[in-house]
Amino acid sequence: MKKAIIEFENFSFKYNAQQEATLHEIDLTIYQGEKVLIVGPSGSGKSTLGQCLNGIIPNIYQGTKTGNLRIDGKDAFDLSIYEKSLFVSTVLQDTDGQFIGLSVAEDLAFALENDVTALDEMKERIRIWAERLDLRDLLTHRPQDLSGGQKQRVSLAGVLIDESPILLFDEPLANLDPKSGQDTIELIDRLHKEQGTTTIIIEHRLEDVLYRQVDRIVLVNEGRILYNGAPDALLRSEMLFENGIREPLYITTLRQLGYDLDQEADVTSIEKLALTEVPVEALPELVVEERAENPLVEVEHLRVAYGDKEVLKDVNLSICRGERLAIIGKNGAGKSTLAKALCQFVAVSGDILWNGQSVLGDSIKERAERIGYVLQNPNQMISQTMIFDEVALGLRLRGVAEEEVTQKVEAVLRTCGLYAFRKWPISALSFGQKKRVTIASILVLNPEIILLDEPTAGQDQRNYTEIMDFLDELNQQGHTIIMITHDMQLMLDYSDRAIVLVDGQIVADSHPAHILTNQEVIQAANLKETSIFHLAEKLEVDALALTQFYMERERKE
């Protein structure tokens, strides 16, 4: 009989700072050696579940609980945060917030130093885990200087080295490019099998996690468990859609084709599908509309260097008024640097033209009137305590009347799904909710170009759709939307054109569907084919045509 290692029994929890409970009557048992995925929309309570497990609740965030939570048979709320760390190791969503050491080696040694591990044993364990996670050549590097995928491996090694029996991953894919995300799931799966750990993954990107098998999916919403069982039954149901979670792209496409999923024995991966008698009608051809001849922005021979390292190399780019442009590429390719260059945040050589006139001499304030920039990490933008004040700050600094400030802020908060939280302190929000606050603070200023770095990272389907549909509305009003993203489905659904950066240079500039069916570009930029591509292979139809079919159907719906 399997040993129960985590037991929630009729468990409820209410933060002291809130009037209503966040978790309600949770009954959940996780057994030793299981691999469990916890999904749910933003604010559903899934992160609170994780914080109860790793000791952040009640040691940092206090509140009132009823019912029981036991970890390895011990009452979790009687354990100190140190005692819990011996059972549960956590890899945070924001890896930069987890680093302690000045070098990778120091960071790996941190837990062992706290356990007063002998020096020889410490060095040996660092060597072993550095080899297992391919970090040997990075041991002398600063963790902050690494790519997203490398940072993820350092964070993972830093917790695995303590050899806790439970591994908890909080949105491990949120800031990774598609291939690095796939590699991370592969790594988590390999370590789960090798170490026999109990593995819990909290993640929005359901399809990416299901790249490797999980034993169970737990669906949480409004603080309650709505589903607790095998992935197959959940994927067949409407529960993911009803609760704001994106289902795998291949399943959406099969539904659009009118295929009955009940014909299949197992729908958890394309490889397991039989796909007999799929009603594939004449698929549409991809028609790419010609861009306007007069560009709004022209980037000419742009170069950016940090010290001796050249990050952008002779970049030439035209952006037309009213475009929806996606900038994609692997971690460290120069995407964020290009955005900073457009906003005058970094020194550049070359030229940037606005309506044919150079704007290199503009101040940051003057550039901000034209381009609103939403950073990838919301903590780097937030300066106020309360949500309303953060979104209102830009308007107040511009001397807008308070009555108008209230009207505009409340309208944007409704659009971004934050109106109910308008009187909350920002410290009480999840990472994804903070992201929406920063988007709202820029949207309220109504700039001509809105430039967003990973706009939907950490967002559930409902908030993702709400934000992107709002950006589409702005686009239809004449705003130009530029998105830096790792989300290939976002690029397909909400952009007309994509540029691909590799090592500081543009290697492709085309329609999103063309890019995602170009194997050479995919490999060079650390992208990955969408599951529509693999579905097309299985159906023996043209991948570009099937992608266009999906895009047309999505935009109609």
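Residues numbered from 1 in each chain as written. Predicted model: local features only at pLDDT ≥ 70, side-chain atom pairs only at ≥ 80, totals over all residues. Heavy atoms only, no water.

1. Quick notes on the sheet that holds strand S4 (residues 63–71)
Here is step 1 of the chain: Within the open sheet, the 4 strands sit side by side as S2-S1-S4-S5. Their pairing is antiparallel. The open sheet has two free edges, formed respectively by strand S2 (23–31) and strand S5 (74–75), since each of these has just one partner strand.
Here is step 2 of the chain: In terms of strand pairing, S4 meets S5 through 2 bridges, oriented antiparallel. Counterpart to Ile71 in the pairing with S5 is Lys74. (Pairing = 2+ DSSP bridges. Helix = DSSP H or I, 4+ residues; strand = E, 2+ residues; numbered from the N terminus.)

2. A few points about the sheet that holds strand S7 (residues 166–170)
Here is step 1 of the chain: What the 6 strands build is an open sheet, ordered S6-S7-S8-S3-S9-S10; its pairing is mixed. Edge strands, defined here as strands with exactly one partner in the open sheet, are strand S6 (88–91) and strand S10 (224–229). Averaged over neighbouring strand pairs, the angle between their axes works out to 20° when direction is ignored.
Here is step 2 of the chain: When S6 meets S7, the two strands line up parallel, connected through 4 bridges. From the neighbouring strand, Thr90 faces S7, where its bridge partner is Leu168. (Axes fitted to C-alpha atoms, helices over the stretch in contact; angles between N-to-C directions.)

3. Concerning the pattern of salt bridges
Note that side chains of opposite charge can pair when their charged atoms are close.
Here is step 1 of the chain: Enumeration over the complete set of coordinates arrives at 32 salt bridges.
Here is step 2 of the chain: Across the pair Lys35 and Asp189 runs a salt bridge, and its minimum N-O distance is 2.9 Å. Separated by 154 residues along the polypeptide, Lys35 in strand S3 (residues 35–39) and Asp189 in helix H7 (residues 178–195) bring together distant segments of the chain.
Here is step 3 of the chain: We classify Lys35 as buried; its relative accessible area is 2%.
Here is step 4 of the chain: The partner of Arg127 in a salt bridge is Glu131, and the shortest N-O contact between them spans 3.1 Å. With a gap of 4 residues between them, Arg127 and Glu131 both fall in helix H5 (residues 119–132), about one helical turn apart.
Here is step 5 of the chain: Classification of Glu131 by relative accessible area gives partly exposed; the value is 38%.
Here is step 6 of the chain: One salt-bridge network, in which partners are shared between bridges, spans Glu124, Arg127, Glu131 and Arg136. (Salt bridge = Lys/Arg side-chain N within 4 Å of Asp/Glu carboxyl O. Buried < 20%, exposed > 50% of the residue type's maximum accessible area, 1.4 Å probe, protein only.)

4. Topic: helix H21 (residues 531–539)
Here is step 1 of the chain: Burial in H21 covers these residues: Ser531, Ile532, Phe533, Leu535, Ala536 and Leu539.
Here is step 2 of the chain: One or two residues past the end of H21 sits Glu540, with phi positive at roughly 60°.

5. Observations regarding the environment of Tyr464
Here is step 1 of the chain: Looking at the element boundaries, Tyr464 is found in helix H17 (residues 461–476).
Here is step 2 of the chain: Overall, Tyr464 belongs to the buried group, its relative accessible area being 3%.
Here is step 3 of the chain: C-alpha separation for the pair Tyr464 and Leu490, spaced 26 residues apart in sequence, amounts to 9.1 Å.
Here is step 4 of the chain: Among all residues touching Tyr464, those that are not within four sequence positions of it are Arg246, Thr456, Gln459, Asp487, Gln489, Leu490, Asp493 and Tyr494. (Contact = heavy atoms within 4.5 Å.)

6. Regarding the packing of aromatic side chains
Here is step 1 of the chain: Evaluation of the coordinates by the stated rule reveals 6 aromatic pairs.
Here is step 2 of the chain: Taking 5.8 Å as the distance between ring centres and 40° as the angle between the ring planes, the aromatic pair formed by Phe345 and Tyr373 counts as tilted. Of the two residues, Phe345 is situated in the loop between helix H12 (335–342) and strand S14 (349–354) and Tyr373 in strand S16 (residues 371–374); the sequence distance between them amounts to 28 residues.
Here is step 3 of the chain: Overall, the relative accessible area of 7% leaves Tyr373 in the buried class.
Here is step 4 of the chain: Taken together, a centroid distance of 4.7 Å and an interplanar angle of 75° make the contact between Phe421 and Trp424 edge-to-face.
Here is step 5 of the chain: Among the residues examined, Phe421 registers a relative accessible area of 19% and is labelled buried.
Here is step 6 of the chain: Classification of Trp424 as partly exposed rests on a relative accessible area of 25%.
Here is step 7 of the chain: Here the guanidinium or amino end of Lys84 rests over the ring plane of Phe77, the centre of that ring lying 5.3 Å away.
Here is step 8 of the chain: Looking at Arg132, its charged tip hangs above the ring of Trp129, at a distance of 4.5 Å from the centre. (Phe/Tyr/Trp six-rings, centres within 6.5 Å; stacked < 30°, edge-to-face > 60°. Lys NZ or Arg CZ within 6 Å of the ring centre and 35° of its normal.)

7. A short note on the nonpolar core
Here is step 1 of the chain: Ranked by internal contacts, the top residues of the largest apolar core, which has 82 residues, are Leu206 and Leu254.
Here is step 2 of the chain: Per-element tally for this core: the top contributor is helix H22 (residues 543–556), with 6 residues.
Here is step 3 of the chain: Discounting chain neighbours no more than four positions away, the residues touching Leu254 are Tyr259, Leu261, Leu273, Leu275, Val278 and Leu535.
Here is step 4 of the chain: One finds Ala339, Phe388, Val412 and Ile449 within the second-largest nonpolar core, a separate group that totals 64 residues. (Core = buried A, V, L, I, M, F, W, Y, C linked by side-chain atoms within 4.5 Å.)

8. Details of the pairing of strand S11 (residues 295–306)
Here is step 1 of the chain: As paired elements, S11 and strand S12 (residues 309–320) share 8 bridges and run antiparallel to each other. Of the residues in S12, the one forming a bridge with Val304 is Leu312.
Here is step 2 of the chain: Taking the residues between adjacent antiparallel strands as the criterion, S11 and S12 are bridged by 2 residues, where Gly307 takes a positive phi near 65°.
Here is step 3 of the chain: Where S11 and S14 come together, 5 bridges link them in antiparallel fashion. Among the inter-strand pairings, Val299 is bridged to a residue of S14, identified as Ile352.

9. What to know about the environment of Phe421
Here is step 1 of the chain: By the element assignment, Phe421 lies in the loop between helix H15 (402–415) and helix H16 (431–443).
Here is step 2 of the chain: Separated by 47 residues in sequence, Phe421 and Met468 place their C-alpha atoms 20 Å apart.
Here is step 3 of the chain: When near neighbours in sequence (up to four residues on either side) are disregarded, Phe421 contacts Ile387 and Gln433.

10. Quick word on the domain arrangement of the chain
Here is step 1 of the chain: Segmentation of the chain into domains returns domain 1 (4–243), domain 2 (248–279 + 531–556) and domain 3 (295–526).
Here is step 2 of the chain: For domain 1 and domain 2, the distance between their C-alpha centroids amounts to 32 Å.
Here is step 3 of the chain: Together domain 1 and domain 2 conceal approximately 840 Å² of surface at their shared face, both sides included; 48% is due to carbon and sulfur atoms.
Here is step 4 of the chain: Together, Glu207, Leu235 and Arg236 form the three largest contributors to the area buried by domain 1 at its contact with domain 2, with a combined 69%.
Here is step 5 of the chain: Summed over the shared surface of domain 1 and domain 2, the result is 2 salt bridges.
Here is step 6 of the chain: One can count 8 residue pairs in polar contact (both at pLDDT 80 or more) joining domain 1 with domain 2.
Here is step 7 of the chain: Of all elements in the fold, only helix H8 (206–209) and helix H9 (231–236) reach the threshold of two or more residues within the side of domain 1 that touches domain 2.
Here is step 8 of the chain: At 4 residues, H9 tops the list of elements feeding residues into the side of domain 1 that touches domain 2. (Domains from an automatic or database assignment. Buried area = accessible area lost by both parts, 1.4 Å probe. Polar contact = N/O pair within 3.5 Å; in protein donor to acceptor, adjacent residues only side chain to side chain.)

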